[in-house]
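# Residue-level structural notes
Here is what each chain is made of, one letter per residue.
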Amino acid sequence: MPNNSNDLNTKQNKEHTKTHHKNDVLWAAEGAQKLAPGVMAYLAGEDVVLDQALFVYDIQGTQAHLQGLAQIGIISESEYAAFIDALDELKTAFEQGTFSLDERFEDGHSAIEFYLTQKLGEVGKKAHTGRSRNDQVLTCLRLYMQDQMAVVKQLGIDAIEVLIELAEGHQDTMMPGYTHLQRAMPNTVAVWLLGFAESLMDDVQHLNSVMHLLDASPLGTAAGFGVPLQLPRAETAAAMGLSRVQINPVSAQNSRGKYELICLHALSYLLLDVRRFAWDLSLFMTSEFDFIQMGSSHTTGSSIMPNKNNPDVVELLRASLSVVDGAVQQIQSLLSLPSGYQRDLQLSKEPLIKGMQKTQATLALLPELLQALTFKKDQMKDAITSEMMATDQALEKVKQGQSFRDAYLDSKQDDELIITAEQSIDQRVSLGGAANLGLNFLRVRLEGLV
Ligand code: ARG
């Protein structure tokens with residue numbers, strides 16, 4: 001009976017399982033021909049590599065399924081306990097690198113079942129009762145998305161917090177505000193930074209609603225039509241920390257790829273805001289603007305020009321959206337499918353994982369990058385030229401009783417009414433303006449998003 005958990009990884013065993021799996025996949029039927037050469041590799045594709053990101057979630061989903069089987073008496077309590085122990089061991093071995101998910105297996109799902117069968121013998125063969133790889137893969141992807149979106153959310157919140165802190169310290173740091181990339185009105189660094197903080201809050205709020213949608217279990221829908229067993233679907237959902245069950249099995253199957261798409265869309269809004277911020281940074285770091293300097297911890301040199309100090313990191317932040325947008329496109333074109341499971345859906349894993357990892361890596365860089373910025377206060381202030389106070393002049397005349405349109409025309413010629421940049425900023429008193437940032441409102445909103 002029980003083998004050592006490492007046995008599957010010994011050389012001999014690798015060879016054994018290799019021949020075993022290539023010729024005798026999980027779904028092999030009695031008397032069927034061997035798969036043609038190359039077919040197995042084509043079927044599996046990158047699956048086994050991608051499944052490394054999903055493996056622990058697949059184990060979690062399998063444990064929940066087994067709990068359901070124990071509850072309805074398909075497996076005994078002692079069998080259930082043996083399964084849970086074996087799966088815990090598999091998880092540990094995988095995390096410690098003593099079990100490797102590799103091309104010996106068609107995918108992570110097969111690896112789990114082969115492991116359980118090796119480990120528990122006859123009992124292991126019961127693990128897949130009432131389950132299909134179709135709901136298995138849906139389940140582990142669901143758990144992956146829930147968990148990884150929560151990581152994205154935390155990274156987003158971390159970035160927002162640093163933006164707010166920086167803004168607090170730069171309430172008096174003036175800079176020109178631009179429209180059409182032309183100087184428009186005086187502004188402050190605080191207003192500019194909080195612009196991104198609040199936009200990122202919108203994105204996090206959207207993540208929350210996506211996570212709410214994802215909070216549903218497809219487990220028990222099997223191949224897409226249910227099974228002739230009384231599976232306790234609500235209980236297995238709860239065992240996985242999911243609060244709802246996807247009721248209809250066809251709908252559950254059809255959510256494969258669609259939920260991935262919804263996730264990637266949500267990620268794209270975060271990166272859209274990061275892209276805009278990175279664009280501003282790259283402009284403000286040029287000697288033409290000369291507003292911002294970035295520490296050498298976050299800039300690069302040139303291989304040929306000793307004088308260069310390049311914003312490669314900022315440019316890669318800007319480019320990260322292209323990866324997620326590409327992933328969205330890839331899944332969108334993949335989803336032109338009839339209802340029910342189709343193997344095409346396997347190809348939605350790669351863009352999901354790629355987009356998720358790119359988003360996390362990008363957001364994770366932001367706090368330190370923000371802290372590496374130096375704002376060149378004098379240059380920024382000097383770039384605020386007198387004509388930028390024209391709107392202030394017009395509104396001053398409105399306060400003296402003129403209509404805005406007359407004051408507007410008047411201010412084009414008026415050299416007498418001098419308003420300084422400081423006065424302009426001090427009078428930006430309506431909520432959100434430089435003299436009334438609404439920091440408390442923003443903080444309260446952020447707390448509500450956590
Ligand atoms: N690797 C497959 C996928 O990602 C697993 C499901 C296979 N299901 C099937 N009916 N062939 O879709």
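Let me sum up the structure you'll find in this document.

Looking only at helices and strands, one finds 17 helices and 6 strands in the protein. Projecting the C-alpha coordinates of the protein onto the three principal axes gives extents of approximately 95 × 55 × 35 Å. The 450 residues of the protein split such that 49% are buried. Here the contacts in the protein between residues at least 6 apart in sequence split such that 77% fall between residues at least 24 apart. For the protein, the exposed area adds up to about 21,700 Å²; of that, 52% sits on carbon and sulfur atoms. Averaging the positions of the 37 positive and the 56 negative side-chain charges in the protein gives two centres separated by 5 Å.

Counted at 1.5 Å a residue, the expected span for helix H5 (residues 108-120) with its 13 residues is 18 Å, and the 18 Å between its end C-alpha atoms agrees. Among the 13 residues that make up H5, 11 are buried, leaving the element largely enclosed by the rest of the structure. Among all positions of H5, only Gly-108, His-109, Ser-110, Ala-111, Ile-112, Glu-113, Phe-114, Tyr-115, Leu-116, Lys-119 and Leu-120 are buried. Backbone nitrogen of His-109 and a side-chain oxygen of the N-cap are separated by 3.2 Å at the start of H5; the cap is Asp-107. Gly-121 occupies a position one or two residues after H5 and carries a positive phi of about 60°.

Attention now moves to the packing of helix H7 (residues 189-214) against helix H10 (residues 258-284). Contact pair H7 / H10: the axes reach a minimum separation of 9 Å and the direction vectors enclose 170°. Relative to H10, the element H7 is oriented roughly antiparallel. When the residues that make up the contact of H7 with H10 are grouped by side-chain class, the tally is 18 nonpolar, 2 polar and 4 charged.

This next bit is on the pattern of salt bridges. If you walk through the whole model with that rule in mind, you get 15 salt bridges. For Glu-106, the salt bridge identified is with Arg-133, shortest N-O distance 3.5 Å. Of the two residues, Glu-106 is situated in the loop between helix H4 (77-96) and H5 and Arg-133 in helix H6 (residues 133-169); the sequence distance between them amounts to 27 residues. On the basis of relative accessible area, Glu-106 is assigned to the buried category, the value being 3%. Within the structure, one salt-bridge network assembled from shared partners comprises Glu-106, Asp-107, Arg-133 and Arg-343.

This part takes up the nonpolar core. The biggest cluster of nonpolar side chains holds 84 residues, and the ones touching the most others in it are Met-149, Trp-192, Leu-193, Leu-281 and Ile-292. With 17 residues, H6 is the single largest residue contributor to this core.

For the rest of this paragraph, the subject is the layout of surface pockets. What the second largest pocket holds in volume is close to 280 Å³. Lining the second largest pocket are 14 residues, and of these Gly-177, Tyr-178, Trp-192, Asp-280 and Phe-284 lie nearest its centre. Of the residues in the lining of the second largest pocket, the class split is 8 nonpolar, 4 polar and 2 charged.

The next point concerns empty space enclosed by the protein. All chains considered together, the criterion is met by 4 cavities of 30 Å³ or more. Roughly 70 Å³ of internal volume is contained in the largest cavity. Taken together, Ala-159, Leu-163, Phe-196, Leu-200, Asp-273, Val-274, Phe-277, Leu-366 and Leu-370 make up the full set of residues lining the largest cavity. Counting only elements with at least two residues in the lining of the largest cavity, the list comes to H6, H7, H10 and helix H12 (349-371). Element by element, the count of residues in the lining of the largest cavity is highest for H10, at 3 residues. For the lining of the largest cavity, the residue count by class is 8 nonpolar, no polar and 1 charged.

Below, the discussion takes up the packing of aromatic side chains. As enumerated under the stated definition, the model contains 16 aromatic pairs in all. Judged by centre distance (6.3 Å) and plane angle (35°), the rings of Tyr-178 and Phe-284 are tilted. On the criterion of sequence distance, the pair formed by Tyr-178 in strand S1 (residues 174-179) and Phe-284 in helix H10 is long-range, its members being 106 residues apart. What makes Tyr-178 partly exposed here is its relative accessible area of 23%. The exposure class assigned to Phe-284 is buried, which follows from its relative accessible area of 4%. Considering the side-chain rings of Tyr-178 and Phe-289, the 5.5 Å spacing of their centres and the 65° angle between planes classify their relative orientation as edge-to-face. Within this pair, whereas Tyr-178 is found in strand S1, its partner Phe-289 is found in the loop between H10 and strand S5 (292-294), the two being separated by 111 residues in sequence. Through a chain of ring-to-ring contacts, the aromatic side chains of Tyr-178, Trp-192, Phe-196, Phe-277, Phe-284, Phe-289, Phe-291 and Phe-375 assemble into a single cluster. When the ring centre of Trp-279 is taken as origin, the NZ or CZ atom of Arg-318, which lies over that ring, is 4.5 Å away. Lying across the ring of Tyr-408, Arg-405 places its NZ or CZ 4.9 Å from the centre.

Together, Leu-395, Val-398, Phe-404, Tyr-408 and Leu-409 line one region of the surface with nonpolar side chains, adding up to about 420 Å² of accessible area. Of all the secondary structure elements, the ones that give two or more residues to the nonpolar patch are helix H14 (390-399) and helix H15 (404-411). Top contributing element to the nonpolar patch by residue count: H15, with 3 residues. Note on placement: Leu-409 falls in helix H15.

Near the ligand the following residues occur: Asp-47, Asp-107, His-109, Arg-133, Asn-134, Val-137, Arg-256, Tyr-341, Arg-343, Gln-346 and Lys-349. Note that a nitrogen atom of the ligand is positioned 2.6 Å from one of the side-chain N or O atoms of Asp-47. For the ligand, a nitrogen atom lies 3.4 Å from a polar atom in the side chain of Arg-343. Counting residues per element, the shell around the ligand draws most heavily on H6, which supplies 3 residues. Within the shell around the ligand, the residues separate by chemical class into 2 nonpolar, 3 polar and 6 charged.

The rules behind these values
Residues numbered from 1 in each chain as written. Predicted model: local features only at pLDDT ≥ 70, side-chain atom pairs only at ≥ 80, totals over all residues. Heavy atoms only, no water. Helix = DSSP H or I, 4+ residues; strand = E, 2+ residues; numbered from the N terminus. Buried < 20%, exposed > 50% of the residue type's maximum accessible area, 1.4 Å probe, protein only. Contact = heavy atoms within 4.5 Å. Areas by Shrake-Rupley, 256 points an atom, 1.4 Å probe, with all protein chains shown as cover. Lys, Arg positive; Asp, Glu negative; His and termini not counted. Charge placed at Lys NZ, Arg CZ, Asp CG, Glu CD. Expected span 1.5 Å × (residues − 1). Polar contact = N/O pair within 3.5 Å; in protein donor to acceptor, adjacent residues only side chain to side chain. Axes fitted to C-alpha atoms, helices over the stretch in contact; angles between N-to-C directions. Parallel < 35°, antiparallel > 145°, perpendicular 65-115°, else oblique. Nonpolar A, V, L, I, M, F, W, Y, C, P; charged D, E, K, R; others polar. Salt bridge = Lys/Arg side-chain N within 4 Å of Asp/Glu carboxyl O. Core = buried A, V, L, I, M, F, W, Y, C linked by side-chain atoms within 4.5 Å. 1 Å grid on protein atoms, 1.4 Å probe; cavity = no way out; pocket = protein on both sides within 12 Å on 5 of 7 lines; lining within 4 Å. Points joined across faces, edges and corners; volume = space filled by probe spheres on them. Phe/Tyr/Trp six-rings, centres within 6.5 Å; stacked < 30°, edge-to-face > 60°. Lys NZ or Arg CZ within 6 Å of the ring centre and 35° of its normal. Patch = residues over 30% accessible without salt bridge, like charges linked within 9 Å, V, L, I, M, F, W, Y side chains within 5 Å. Near = heavy atom within 4 Å.

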